[in-house]
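Descriptive structure summary
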Amino acid sequence: HNSDRHFGEVIEASEINGWNSYNTDICRRRVRRFIDASCELARRWAAGAQIDGALYTMGGDEISGDIHDELRETNELTSLEQVEGATELHVAGIKQLADEFGRVHVVAVPGNHGRTTRKPTAKKYGALSYDIMIAKLVAKELRDDERISFDVAAGPDALTVIYNRPILTTHGDKIGTGGGKGFAGPILPIIRGAKQVQLQYSGAGVSPFLILMGHYHTSAAPPGILANGSVVRSMYR
């Protein structure tokens, strides 16, 4: 489960007390470490088990984008250049996972930083997203690899059934609970937002077994939820 790569964003350590740095080279290193760790940990934890494949999520905010004027001025690359670099990074990672697990199913949903409009839209939400464009480019690049399959969302969510259990992938910007609250930080809106999503889908006759989300740049695993951190927010360069 990965999201919030913000490929193309720049963070200068001198501007934040040396706590973090970020640019495209650092992004590439962190993503490679993430893929390597996924393979290594799976070998360790699943020893003796039969692995049928891997689920790989492209959970939105693949690029820094230009939804804010500040980003347009400080990004290392233009949005179109970010798309190219982000695509190459995903292709390399998915190929490595396919070599390791034999089969990879890729699920892609749009985030907020990848939108091509100043404000969010209700219609054509996926069609107006750089995130979805990246996913389609990745799928095109890997179309001849029979080990790899894709589900690219047209809207904000994607539902994947694994062993008869519905897994819902969503970026998290659409859950409508705002930012962090007091000492609990973003954990409370993550839980409340996931509950709203569960109720919405239950009304349609589907009860998600697990909700995969990002957006808040915070790793958390409350019951029924797996919230992803971000590549850009790290204490390690």
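We now turn to the structure provided with this report. (Residues numbered from 1 in each chain as written. Predicted model: local features only at pLDDT ≥ 70, side-chain atom pairs only at ≥ 80, totals over all residues. Heavy atoms only, no water.)

Next up on the list: the nonpolar core. In terms of nonpolar packing, the biggest core is built from 32 residues, with Y56, M58 and I94 touching the most fellow members. Put simply, the parts of the chain that give this core at least two residues each are helix 1 (24–45), strand 1 (54–58), helix 3 (79–101), strand 2 (104–108) and helix 4 (130–141). Of the residues forming this core, the biggest block, eight residues, is contributed by helix 3. When neighbours within four sequence positions are excluded, Y56 is seen to be in contact with N2, R5, I35, H90, I94, L97, V104, H105, V106 and V107. The next biggest cluster of nonpolar side chains, apart from the first, holds 12 residues, and it includes Y201, I211, M213 and A227. (Core = buried A, V, L, I, M, F, W, Y, C linked by side-chain atoms within 4.5 Å. Buried < 20%, exposed > 50% of the residue type's maximum accessible area, 1.4 Å probe, protein only. Helix = DSSP H or I, 4+ residues; strand = E, 2+ residues; numbered from the N terminus. Contact = heavy atoms within 4.5 Å.)

Right, let's get into the environment of T87. Within the secondary structure, T87 is located in helix 3. For T87, a relative accessible area of 11% translates into the label buried. For T87 and H105, which are 18 residues apart along the polypeptide, the C-alpha to C-alpha distance reads 16 Å.

Our focus in this paragraph is the packing of aromatic side chains. With the rule as written, the count across this model stands at zero aromatic pairs. Between the NZ or CZ atom of R165 and the centre of the ring of F209, over which it lies, the distance is 4.3 Å. (Phe/Tyr/Trp six-rings, centres within 6.5 Å; stacked < 30°, edge-to-face > 60°. Lys NZ or Arg CZ within 6 Å of the ring centre and 35° of its normal.)

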